[in-house]
Structures are given as structure tokens and as C-alpha cells.
Amino acid sequence: IITHFIIDSYDIISLEVIMDKVEELKKIINESNRIVVLTGAGVSTDSGIKDFRGKNGLSKEFDIPMEILLSSNYFYSHTEEFYKFYKEYFDASNIEPNITHKYLKKLEDDNKLSAIITQNIDGLHSKAGNKKVYELHGTTFVNHCIKCKKEYSSEYVFKSEGIPKCKCGGLI
């Protein structure tokens, strides 16, 4: 019988404590009808998407902090490098929602989930079928020209050669 397990190689938590928390969460969910879920990178790692700061996160692969690589300042001053990074690491078109995304869809179908508020840009909550998703940082699936505001799909951006540009000449 397993009595303990390790989380992030640092904390040892008894299985009994975890099972108590799981039962408590199940009770809260069963008794609730207006749940709002806040999600971040951890929810998509089971789909194969790297988070930024985790033990195997993207920040470990670069000398430049993620906050700088993904900033508007970097976008305008290092546009080619930005898109090279963006295209390599942020194309979620072939990534599938995981069990967490699917469970949240079930909660919405059961009229328990009122909304999902996410920091994720991968679009997996919507891909799972959730309708009430608020993407705080937008999504890679919807892109706009910074000049004329025309909308472009992720396919257009990720399959474009070099820097994706609008017909008007603006950056997308």
C-alpha cells in the first residue's frame, strides 16, 4: 500500500490527506451550480504544452526571460526573432485537450460551470467545447493586423514564411 507520494520532488504528502482533499472537492462540486475556474499553464502541460517556469519549462531553455521574449517591445525591436520563437513553441493546432479540459466541458454541460478564466493562449478550453472561456492574454487561434485590424487564422500565421504580414503591409 502506498502511503506517501512525492510532488515536485520536494513535498511529501500522505495519500490520506490527498484523498480527504479530493473528497472535499468532489462534495463542493456536487453541491455547486455556479463554478468559475481560473486556469494557467499547469492545466495544459498534460497535453504536452510546456509551461514557462516549471522544472522543465521554457524559461530553462532561453537566456532571455519569457516576459521579455513575449513583450511588445521585443516584438517590435526583434520581430524576426519573435516570430521564430512564436512559431516554434506556440502552435497548438495539433494539440488535443486533456482530461482536465474535458472534465471542465462536462461541468459546463451539467450546468455547473459558469465560466473559465484562463491565462493560457493555447485555445484548448475552446477546443474541448467550452463556450464561456475568457482568455486573458488572447489566443494563438485569432490574430490581427496591427495596422488595419484584419483577422487572420493561426494557420495563416504559423504556415507563413518569415514574418507574417497583412495585405495592407502591416504586421500580424
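As the structure is a computational prediction, the values presented were derived from the model and not from experiment.

Caption draft 1: Seen up close, the pairing of strand S3 (residues 35-39). Along S3, the buried face is formed by Ile 35, Val 37 and Thr 39; none of Val 36 and Leu 38, which line the opposite face, is buried. Where S3 lies against strand S4 (residues 113-118), five bridges are found, and the strand directions are parallel. Residue Thr 39 lies in a different strand from S4, and its bridge partner there is Thr 118.

Caption draft 2: Representation of the confidence of the model for the protein chain in the model. Confidence along the protein chain averages 90 in pLDDT terms, with 93% of residues attaining 70 or more. When pLDDT is averaged over each helix and strand of the protein chain, the minimum, 43, is found for strand S1 (residues 4-7) and the maximum, 98, for strand S5 (residues 133-135). Segment residues 1-10: pLDDT under 50, and 16 contacts once partners within four positions in sequence are set aside and those in other chains are kept.

Caption draft 3: Focus on the layout of surface pockets. Quantified by volume, the largest pocket comes out at close to 1100 Å³. Lining the largest pocket are 38 residues, with Leu 70, Tyr 86, Phe 90, Ile 121 and Thr 140 sitting closest to its centre. Considering each element in turn, the lining of the largest pocket owes the most residues, five residues, to helix H4 (residues 79-89). Considering only enclosed or pocket space, the second largest pocket measures out at about 260 Å³ in volume. Considering the residues around the second largest pocket, the lining is formed by Val 22, Leu 25, Lys 26, Ile 28, Ile 29, Ser 32, Ile 35, Val 37, Thr 100, Tyr 103, Leu 104 and Leu 107. Listing elements by their share of the lining of the second largest pocket, those giving two or more residues are helix H1 (15-31), S3 and helix H5 (99-109). Here the lining of the second largest pocket gets five residues from one element, more than from any other, and that element is H1. By residue class, the composition of the lining of the second largest pocket is nine nonpolar, two polar and one charged.

Caption draft 4: Structural view of the sheet that holds S5. One open sheet accounts for three strands, arranged S3-S4-S5; its pairing is parallel. Pairing within the sheet leaves two strands with one partner each, and these edge strands are S3 and S5. Taking each pair of neighbouring strands and ignoring which way they run, the sheet shows an average axis angle of 15°. The strands touched by H5 within the sheet are S3 and S4, with S4 carrying the most contacts at an inclination of about 145°.

Caption draft 5: Spotlight on the side chain of Ser 160. Looking at where Ser 160 falls in the secondary structure, it is placed in the segment after helix H7 (154-159). You can call Ser 160 buried: its relative accessible area is 17%. A polar atom in the side chain of Ser 160 sits 2.7 Å from the backbone oxygen of Val 157.

Here is what the cut-offs are and how they apply
- Residues numbered from 1 in each chain as written.
- Predicted model: local features only at pLDDT ≥ 70, side-chain atom pairs only at ≥ 80, totals over all residues.
- Heavy atoms only, no water.
- Buried < 20%, exposed > 50% of the residue type's maximum accessible area, 1.4 Å probe, protein only.
- Helix = DSSP H or I, 4+ residues; strand = E, 2+ residues; numbered from the N terminus.
- Pairing = 2+ DSSP bridges.
- pLDDT = per-residue confidence, 0-100.
- Contact = heavy atoms within 4.5 Å.
- 1 Å grid on protein atoms, 1.4 Å probe; cavity = no way out; pocket = protein on both sides within 12 Å on 5 of 7 lines; lining within 4 Å.
- Points joined across faces, edges and corners; volume = space filled by probe spheres on them.
- Nonpolar A, V, L, I, M, F, W, Y, C, P; charged D, E, K, R; others polar.
- Axes fitted to C-alpha atoms, helices over the stretch in contact; angles between N-to-C directions.
- Polar contact = N/O pair within 3.5 Å; in protein donor to acceptor, adjacent residues only side chain to side chain.

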